[in-house]
Structure formats: C-alpha cells, structure tokens
Amino acid sequence: MDSIRVVGGIPLSGTVRVHGAKNAVLKHMVAMLLAPGRYRLENVPGILDVDIMGEVLDHVGATCVRRGSVVEVDVPEKLNPEAPLELVRKMRASILILGALLARVGSARVALPGGDDFGSRPIGMHLEGLEQMGAEFELSHGVLEASAPDGLSGTEIFLEFPSVGATENLLLAAVLAKGRTIIGNAAREPELADLAALLNAMGAKIDGAGTSTIEVMGVSSLTPTDHTVIADRLVAGTYALAAASTGGRIEVVGCDPAFLRMELRKMEAAGCEIERGDDWFSVAGPDRPRPQDIATLPYPGFHTDMHPQMVAFLALADGTSLVTENVYAARFRYLGELNRMGADVHADGQHVVIRGVDELSGCEVDGCDIRAAAAMTIAGLSADGETIVRDAEHIDRGYDGFVETLRSLGADIDR
Ligand code: UD1
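Sequence order as written defines residue numbering, which begins from 1 separately in each chain. Whole-chain, interface and lining totals are the exception, using all residues; otherwise, since this is a predicted model, local features are given only for residues with pLDDT of at least 70 and side-chain atom pairs are given and counted only at 80 or more. Side-chain numbers come from the whole structure's heavy atoms, not from hydrogens or water.

The geometry of helix H5 (residues 124-132) relative to helix H6 (residues 164-174) is characterised by a closest axis approach of 8 Å and an angle of 25° between their N-to-C directions. As summarised for this structure, H5 and H6 are arranged roughly parallel, according to the angle between their axes. Where H5 crosses over H6, the handedness of that crossing is right-handed. For the pair H5 and H6, contact is made by Met125, His126, Gly129 and Leu130 and by Gly165, Ala166, Asn169, Leu170 and Ala173, respectively. For this classification, the nonpolar set comprises Ala, Val, Leu, Ile, Met, Phe, Trp, Tyr, Cys and Pro, the charged set comprises Asp, Glu, Lys and Arg, and every other residue, Gly included, is treated as polar. Here the residues of the contact of H5 with H6 are counted per class, giving 5 nonpolar, 4 polar and no charged. Inter-axis angles, ranging from 0 to 180 degrees, are taken between N-to-C directions of lines fitted to C-alpha atoms, where helices are fitted over the stretch in contact. Starting at the N terminus, helices and strands are each numbered in turn, a helix being any DSSP run of H or I of at least four residues and a strand any DSSP run of E of at least two. Put simply, angles under 35 degrees are roughly parallel, angles over 145 are roughly antiparallel, angles from 65 to 115 are roughly perpendicular, and the rest are oblique. Crossings are sorted by hand: turned counterclockwise from the far helix by less than a right angle, the near helix makes the crossing left-handed, and turned clockwise it makes it right-handed. The contact rule is simple, with two residues in contact once any of their heavy atoms fall within 4.5 Å.

Encoded structure:
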C-alpha cells in the first residue's frame, strides 16, 4: 500500500500546466475501435486508468503504445468483441465499449462495471437507449451479452438524467447506425464535446455536442485520425483548491477557465481572488474562506468530482457551509476521515454540513477514492503537522505527477 506524506502550513505558489483529461482520453481510446487503422492521441496523461483502458483495447485486439504523452493505437479489421472481466471491474468507463462494439461488430460480451465505490452506479439508461436502437441484451453470470441482430438504427432517445456515460455510449453507437439519432437531455460536458470533435474528425456527422440535444446522422464507415486531448478541468480545479486552502497563489495554465465556471465562481464567493485568461487562470486564497452553499449538478453545474476537494477547503471556513450532492447517492465515505483531522463535517441525507473549524491537525487518513484522496491531501496541505494519506494509488488513476506537481509549488510532500 502506498501513502502520501504531507506537512501542512506552506502557502503554495508557482505555475501548474494541466495535463489531458482522464474523462476524455478514456472515451477517445474506445472511439478508435469504430474504424480500423492507426491513431495518434496527444496530451495523454500518465495515469493508471489510461493503462487499464490500454489493456482493455489490447484484449479486444487493438495495440496501444504509449510514448510520454502520446498514445498510438492500431486497430485491426477484426476485433474480439469481449471485454475481460477483471479489467472492466476495475474501471467503469469500460462499459463504453458496449456501444462501440455493437456499432462496429454487432455484438459484445461485457462484464458489469465496478469503478469507484460511491453507491450503486447503474447502467439502465445506457441499455434502454441501445435497445431503442435495436440492441438486445441478456445478463448471464455477471456478463452482459449484447447483440444487434438487424444492426443499429437511429431513433429519438430522451434520457431521464443527463448521464455522461449513457450519452457517450449512445453517441458511439449512433455514429455508425442507420439513419438519424437524436439524444435529448444529453450530458453537456466539455469532455463529451471533445469526443464528438474526435468522431467528427473521423468522418462522423454529429451536431449539438455540448448542448442538451445531440443529433447524429449515421455514416457507413469512419477513418482514423490524430487528436489532442482536452485539458483536465478537474485536475486544474484540484490544484486551484489546494493553493487556495493554503492561502497561496498559483497560476494554472493550459485549461480554459470557462470549463470551471461554477467552481471558480464559488471559490470567488468564498474569498479567492481569481484572474482569467483564454487558457489560464490564477487563484489567490483568502486568509479564511467564507462559508458557501453549493449543489453538485451535471455540467455546467458544480462538478460532483470537485465536491470532496471543496469540502476540504470549506472545512476551515468562517461559518457553516452546505454541499448538496445531487449526482451520487453515497459519496460521503471521506467525511469520517476529515473529521479525524479535526474537521466538523457530517452527511444529512444527500447534504454535507460543514461547520468551519479554526484548524485541522494532521494524522493518518484513508484516501477512499480518487477525488477523496485529492481532498485529504488538500486538507493535509492546510493542516498543522504531518498527514499520511493511505491508499494513494487512487490518485494515480487520474493525476499525473500529483506529488511532484505539489512539490514544485512549494509543498512539503512526498510519496
Ligand atoms: C462520469 C465521470 C465521473 C463523473 C460523472 C458525473 C468518466 C470516466 N467518469 O461518470 O468522473 O463523476 O461522469 O459527472 O467520465 N446513472 C443511472 N443510470 C444510468 C447511468 C447513470 O442511474 O444508466 C446515474 C449514476 O448512478 C450516477 C449519475 O447517474 O448517480 C451520473 O452518472 P453518469 O453521468 O453516467 O456518470 P459516469 O459517466 O459514470
């Protein structure tokens, strides 16, 4: 088991360059299964989830080679439409190969996904939408057997919630389906718009990605292309909150601040000073945050993946804050860990009540999941003394060079 050791109390300062987005690159890699040939992805982060997705692709028959921040993918004519159970269980994003394989091969065998442990994360919307397009499913011994006996056909689908994964799965299926697909109440995430940009560069005909209505005209085939992955706004936001919680000042470059509009607005309301450029922003933290009321919502709302880091920041606020979690039913395991550091936080239904305290004190805590581990590190950066964040492997799933980056900003931190 790996740990992060951090000694708090040093205001962070300096510049961070943001790497490519985990929640984009994983989908891009799956999209490449839609057409045989060679692809080149740039700005790929060196994170564990990319390696896991690389193994998923290898199993399906494609070859992935990483050189620094470049990944080259070679997709053969013939694919093995089966996702290995041990890999799919490790990473929920693997469920996206369902849409891609159904579209390309007409069948798929995919284990039901695992992923982070915050409540059950069903895939009903993925399956219902694909069924509307002509897919059939059978679940047997934990494996989903999917087929499209007559191929996939475009249709009008209206999601009951703007699920990111369901929108992406349907998009991947729709680009090669017969006729026109409309996805209503679609997710509007920038990473999804980046996926659509890649697909359009491959020859797909997608309109409206990034809005709540996406229209796709199916095409008969696609061709490989190169693509540069959009910046990781969650990484940008995590470093911004890390700096703010120490009362420091940093510049975050390589990320459009518009992708963090709500998150930065809440930080400003809490007393941070923020300057914005086209693809950079700077953050200076307050002496002490002002309390905030925040509700997580699908984009462009406050991102659920910024919730734990924001709670760690508000733990030291001058009053009581409320964070309402509307996306995941059970993203609260880390609260007990924060309390071990002297915070006063508790969940009441889907609400997190954060009574600001004067000081946090370092101790050993569990990382729980990727964003919780980032949040515990943020708490450690502002705490008195030494904090050990256990299960630090969670960080490796989505942050490339996390400890090194924080150290370059002046933090007393190591692995
Ligand atoms: C993606 C992100 C994740 C982020 C989430 C919300 C990736 C790899 N992961 O996850 O980091 O936290 O978006 O921004 O991109 N749901 C259903 N039925 C479904 C599908 C979803 O009930 O068929 C529920 C989920 O349980 C969850 C909510 O909808 O409560 C949001 O899920 P969704 O937007 O699909 O998130 P993911 O795509 O899994």
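A few words now on a negative patch on the surface. In this scheme, patches are assembled from residues that exceed 30% relative accessible area and form no salt bridge. Like charges are connected within 9 Å, while nonpolar side chains (Val, Leu, Ile, Met, Phe, Trp, Tyr) are connected within 5 Å. Computed with the Shrake-Rupley method and a 1.4 Å probe, the accessible areas treat only the protein chains shown as cover for residues. One speaks of a salt bridge when a side-chain nitrogen belonging to Lys or Arg is within 4 Å of a carboxyl oxygen belonging to Asp or Glu. None of His or the chain ends enter the tally, which takes Lys and Arg as positive and Asp and Glu as negative. By convention, the charge on Lys lies at NZ, on Arg at CZ, on Asp at CG and on Glu at CD. Residues Glu128, Glu131, Glu136, Asp150 and Glu160 make up a contiguous surface patch of negative charge. Here Glu128 is to be found in helix H5. Using a relative accessible area of 46% as the deciding quantity, one classes Glu128 as partly exposed. Residue exposure (1.4 Å probe, protein chains only): buried if accessible area is under 20% of the type maximum, exposed if over 50%, otherwise partly exposed.

Further remarks concern the packing of helix H10 (residues 307-314) against helix H12 (residues 370-382). It is the contact of H10 with H12, at a shortest axis distance of 7 Å, that shows an interaxial angle of 20°. By the angle between their directions, the pair H10 and H12 is classed as roughly parallel. As H10 packs across H12, the resulting crossing turns out to be right-handed. Contacts between H10 and H12 involve Pro308, Gln309 and Ala312 from the first element and Arg371, Ala372, Ala374, Ala375, Ile378 and Ala379 from the second. Of the residues in the contact of H10 with H12, the class split is 7 nonpolar, 1 polar and 1 charged.

As a further point, take the site of the ligand. One heavy atom within 4 Å of a molecule or strand is enough for the residue carrying it to be called near that molecule or strand. Taken together, 20 residues lie around the ligand, and Lys27, Met125, Ser163, Asp305 and Val327 are the ones closest in. Separating an oxygen atom of the ligand from a side-chain N or O atom of Ser163 is a distance of 2.6 Å. Burial of the ligand by the protein amounts to 86% of the accessible area it has alone, namely 740 Å². Of all the secondary structure elements, the ones that give two or more residues to the shell around the ligand are helix H1 (22-31), H5 and H6. In terms of residue count, H5 provides more of the shell around the ligand than any other element does, 3 residues in total. In the analysis that follows, any N or O atom pair within 3.5 Å is treated as a polar contact, provided that within protein one partner can donate a hydrogen and the other can accept it, and provided that, for residues neighboring in sequence, both atoms belong to side chains.

Counted under the stated rule, the structure contains 26 salt bridges. Across the salt bridge formed by Arg38 and Asp74, the nearest N and O atoms sit 3.2 Å from each other. Of this pair, Arg38 sits in strand E3 (residues 37-42) while Asp74 is found in strand E5 (residues 70-75), placing the two residues 36 residues apart along the sequence. Its salt-bridge partner being Asp358, residue Arg288 comes within 3.1 Å of it at the nearest N-O pair. Placement of Arg288 in the loop between strand E16 (280-284) and strand E17 (293-295) and of Asp358 in the loop between strand E20 (351-355) and strand E21 (364-366) is noted, with a sequence separation of 70 residues between them. Taken together, the salt bridges that share partners define one network made up of Arg38, Arg40, Glu42, Arg67, Glu72 and Asp74.

Only Phe, Tyr and Trp rings take part, Trp by its six-membered ring, and two of them pair if their centres are within 6.5 Å. Stacked means planes under 30 degrees apart, edge-to-face means over 60, and tilted covers everything else. Evaluated as defined, the whole model comprises 2 aromatic pairs. Where Tyr239 meets Phe402, the ring centres are 6.0 Å apart and the plane angle is 25°; that geometry is what we call stacked. Of this pair, Tyr239 sits in helix H8 (residues 233-245) while Phe402 is found in helix H14 (residues 402-408), placing the two residues 163 residues apart along the sequence. Pairwise contacts between aromatic rings join Tyr239, Tyr399 and Phe402 into one cluster.

Counting residues in each nonpolar core, the largest one holds 81 residues, and the members touching the most others are Leu34, Leu98 and Leu199. Not counting the four nearest positions on each side in its chain, Leu199 is found in contact with Ala31, Leu34, Leu171, Leu172, Val175, Ala204, Ile206 and Leu222. By size, the runner-up hydrophobic cluster in this structure holds 71 residues, among which are Cys255, Met310, Phe332 and Leu406. To define a nonpolar core, start from buried Ala, Val, Leu, Ile, Met, Phe, Trp, Tyr and Cys residues and group those joined through side-chain atoms within 4.5 Å.

We call two strands paired when DSSP finds no fewer than two bridges between them. In this sheet, strand E22 (residues 386-390) lies alongside strand E1 (residues 3-7) in antiparallel orientation, the contact comprising 5 bridges. Residue pairing across strands places Val7 opposite Glu386, the latter belonging to E22. Place the viewer so that the strands point away; then a crossover is right-handed whenever the path from the first strand over the helix to the second strand goes clockwise. Once the chain exits E21 it traverses H12 before rejoining the sheet at E22, and the crossover so formed is right-handed.

Read across the sheet, 4 strands follow the order E4-E5-E3-E13 without closing on themselves; strand pairing throughout is mixed. Taken across any chain shown, the strands that pair with only one partner, and hence form the sheet edges, are strand E4 (63-67) and strand E13 (226-228). In this sheet, adjacent strand axes meet at a mean angle of 15° when their direction is disregarded. Here E4 pairs with E5 via 5 bridges, running antiparallel. Across the sheet, residue Val65 finds its bridge partner in E5, namely Glu72.

The subject of this paragraph is the domain arrangement of the protein chain. In terms of domains, the protein chain is made up of domain 1 (3-19 + 231-414) and domain 2 (22-228). Taken residue by residue, the interface counts 21 residues in domain 1 and 22 residues in domain 2. Here domain 1 meets domain 2 over a buried area of about 2000 Å², counting both sides, of which 52% is carbon and sulfur. At the boundary of domain 1 with domain 2, the tally comes to 2 salt bridges. The partner of Arg233 in a salt bridge is Glu191, and the shortest N-O contact between them spans 2.7 Å. Looking at the side of domain 1 that touches domain 2, the elements that each hand over two or more residues are H8 and H12. By convention here, the domain bounds are inherited from an automatic or database domain assignment. Summed over both partners, the accessible surface that disappears when two parts come together, traced with a 1.4 Å probe, is what is meant by buried area.

This next bit is on the layout of surface pockets. Put plainly, a pocket is an open set of points on a 1 Å grid over the protein atoms alone with protein on both sides within 12 Å along at least five of seven lines, a cavity is a set where a 1.4 Å probe fits but cannot get out, and a lining residue has an atom within 4 Å of a point. Grid points are joined across faces, edges and corners, and a volume is the space filled by probe spheres set on the points. For the second largest pocket, the calculated volume is near 230 Å³. Along the walls of the second largest pocket sit 18 residues, with Ser245, Thr246, Asp287, Leu316 and Ser382 positioned nearest its centre. Across the lining of the second largest pocket, the residue classes break down as 9 nonpolar, 5 polar and 4 charged.

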